[in-house]
Amino acid sequence: MSGKMHFGMQRGPGLSSLLKNGYKTMGGVDAVIKNIEACGALAEITRTSLGPNGMSKLVINHLEKVFITSDAATVVGELEVEHPAAKMLTMAAKQQETEVGDGTNFVVTFGGELLSQARDLLRMGVHTSDVVLGYKLATKKAMELIHDKIVHTIEDPRDVAQLAIPLKSVIASKQYGFEDFLAPLVAEACIAVMPEGRNA
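Just so it is clear, the model here is predicted, and its values are computed rather than measured.

Draft legend 1. The environment of alanine 72, seen in detail. Along the chain, alanine 72 falls in helix H2 (residues 72-79). Counting along the chain gives 25 residues from alanine 72 to arginine 47, while the straight-line C-alpha distance between them is 9.0 Å. Ignoring anything within four residues of it in the chain, the contact list for alanine 72 reads Thr46, Thr104 and Asn105.

Written out as structure tokens, the structure reads:
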């Protein structure tokens with residue numbers, strides 16, 4: 001008997017058969033853009049709280065507890081973000097809070113803006129690996145240039161006047177208008193608890 005043998009087996013419908021009705025799969029650039037949009041939505045929430053004139057947010061968590069704050073760490077912590085990409089941005093903000101104690105809003109806003117710019121490049125047809133490479137090169141260049149942008153160096157960390165100068169900008173972001181009064185007091189408090197025998 002010549003010819004090909006055919007078996008009565010049909011090919012499976014693929015991944016769609018594994019998902020519930022209404023679910024759909026997405027891949028490639030479309031999936032990346034959806035992830036970017038989720039991070040952009042998170043950054044949009046915190047963006048308006050950035051700076052000394054930033055607005056406070058009213059957050060009500062799952063326990064019906066009300067928070068009125070402009071602190072991005074509190075906002076992203078109480079939002080209970082579930083999206084995997086946006087959760088990574090939330091984790092970056094929490095890590096910033098742990099390491100530095102400030103700058104969480106900047107991390108979320110800056111990360112969201114970088115991703116927003118990447119989305120435009122992807123829509124222009126630039127490959128994702130090229131976008132990542134571009135950001136790595138930009139980081140390297142920024143690290144080279146940052147040393148020329150130093151505006152103040154503390155020679156003696158136990159000097160109240162020197163220590164108060166960089167503290168003013170930090171205090172102004174939380175207590176705008178009181179930084180000139182509070183900065184020397186905070187500097188004195190820092191020096192009081194600074195371990196003996198250490199200059200930095």
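Draft legend 2. Spotlight on the pairing of strand E1 (residues 57-60). Covered by surrounding structure in E1 are Lys57 and Val59 only, the residues Leu58 and Ile60 on the alternate face being uncovered. Alignment of E1 against strand E2 (residues 66-69), held across 4 bridges, turns out to be antiparallel. What sits directly across from valine 59, in E2, is phenylalanine 67. As consecutive antiparallel partners, E1 and E2 are separated by 5 residues, and within that stretch glutamate 64 has a phi angle of approximately 65 degrees, a positive value.

Draft legend 3. Here's a closer look at the nonpolar core. With 11 residues, the main nonpolar core is built from Ala38, Cys39, Leu42, Ala43, Val76, Val81, Ala85, Ala86, Leu89, Ala93 and Val108. Ignoring anything within four residues of it in the chain, the contact list for valine 108 reads Leu42, Ala43, Thr46, Val76, Leu89 and Ala93. Listed in part, the 7 residues of the second largest apolar core include Leu163, Ala164, Leu167 and Ala187.

Draft legend 4. Highlighting unusual backbone geometry. With a phi angle near 65 degrees, glutamate 64 is a residue other than glycine that sits in the positive phi range. Mapped onto the secondary structure, glutamate 64 falls in the loop between E1 and E2.

Draft legend 5. Helix H7 (residues 179-193), seen in detail. With 15 residues, H7 ought to run about 21 Å at 1.5 Å a step, and its terminal C-alpha atoms sit 21 Å apart, in line with that. Listed as buried for H7 are Glu179, Ala183, Ala187 and Ile191. Seen from one end, H7 has its buried residues packed into an arc of 100 degrees, which puts them on one side. The outward face of H7, more than 90 degrees from its buried face, is lined by the exposed residues Phe181, Ala192 and Val193. If you follow the buried residues of H7, they end up packed against helix H6 (160-172).

The rules behind each value
- Residues numbered from 1 in each chain as written.
- Predicted model: local features only at pLDDT ≥ 70, side-chain atom pairs only at ≥ 80, totals over all residues.
- Heavy atoms only, no water.
- Helix = DSSP H or I, 4+ residues; strand = E, 2+ residues; numbered from the N terminus.
- Contact = heavy atoms within 4.5 Å.
- Buried < 20%, exposed > 50% of the residue type's maximum accessible area, 1.4 Å probe, protein only.
- Pairing = 2+ DSSP bridges.
- Core = buried A, V, L, I, M, F, W, Y, C linked by side-chain atoms within 4.5 Å.
- Expected span 1.5 Å × (residues − 1).
- Arc of directions from axis to C-beta.

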